[in-house]
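# Fold and contact review
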Amino acid sequence: MGKKLSAYDPVLQEQGIDFVAAASKAGVGIQALQVAMVGGGIFVFAENGLADMADGNYSVFVQNTTDVADPGAVALADRLPTQITVTGPDVADELDILIVGRLAGQQA
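We now turn to the structure provided with this report. Note that the structure is a prediction, hence the values are computed from the model and not measured.

## Brief notes about the sheet that holds strand 5 (residues 94-101)
Judged by pairing direction, the sheet is antiparallel, and its three strands sit side by side in the order 1-5-3 without closing on themselves. Strands at the two margins of the open sheet, each flanked by one partner only, are strand 1 (29-36) and strand 3 (59-64). Averaged over all pairs of adjacent strands, the angle between strand axes in this sheet comes to 15°, irrespective of strand direction. Taken together, the six bridges between strand 3 and strand 5 define a ladder with antiparallel strand orientation. The residue bridging Asn64 from the neighbouring strand is Leu95, located in strand 5.

## Some details on a nonpolar patch on the surface
Together, Ile30, Phe61 and Leu98 make up a nonpolar patch on the protein surface, roughly 280 Å² of accessible area in all. The residue Phe61 is located in strand 3 in this model. Accessibility expressed as a relative area gives 47% for Phe61, which makes it partly exposed.

About the cut-offs
Residues numbered from 1 in each chain as written. Predicted model: local features only at pLDDT ≥ 70, side-chain atom pairs only at ≥ 80, totals over all residues. Heavy atoms only, no water. Pairing = 2+ DSSP bridges. Helix = DSSP H or I, 4+ residues; strand = E, 2+ residues; numbered from the N terminus. Axes fitted to C-alpha atoms, helices over the stretch in contact; angles between N-to-C directions. Patch = residues over 30% accessible without salt bridge, like charges linked within 9 Å, V, L, I, M, F, W, Y side chains within 5 Å. Areas by Shrake-Rupley, 256 points an atom, 1.4 Å probe, with all protein chains shown as cover. Salt bridge = Lys/Arg side-chain N within 4 Å of Asp/Glu carboxyl O. Buried < 20%, exposed > 50% of the residue type's maximum accessible area, 1.4 Å probe, protein only.

Set out below in structure tokens:
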């Protein structure tokens with residue numbers, strides 16, 4: 001993008017938000033989390049500063065930045081509106097987690 005979005009929206013300018021990530025259709029939100037792997041691999045969204053999802057129909061991308069030989073995965077059954085369960089990494093491995101889908105309360 002050649003220009004700052006905050007130049008066109010006073011609210012964004014007031015909040016110091018110059019650029020935003022956007023989806024190509026309505027009803028798509030993006031959340032990111034950098035966190036250490038915990039025993040059991042359960043990450044509750046609210047406990048990690050994330051919003052709940054509208055349902056379990058969303059995508060999760062996990063990158064183990066400590067040990068690429070132990071990639072992270074989240075099975076479809078482990079994608080709940082309030083949490084995910086990551087399998088694969090060792091406890092304390094550092095993870096980058098990206099969640100893409102409809103947030104709770106977000107219009108479809």
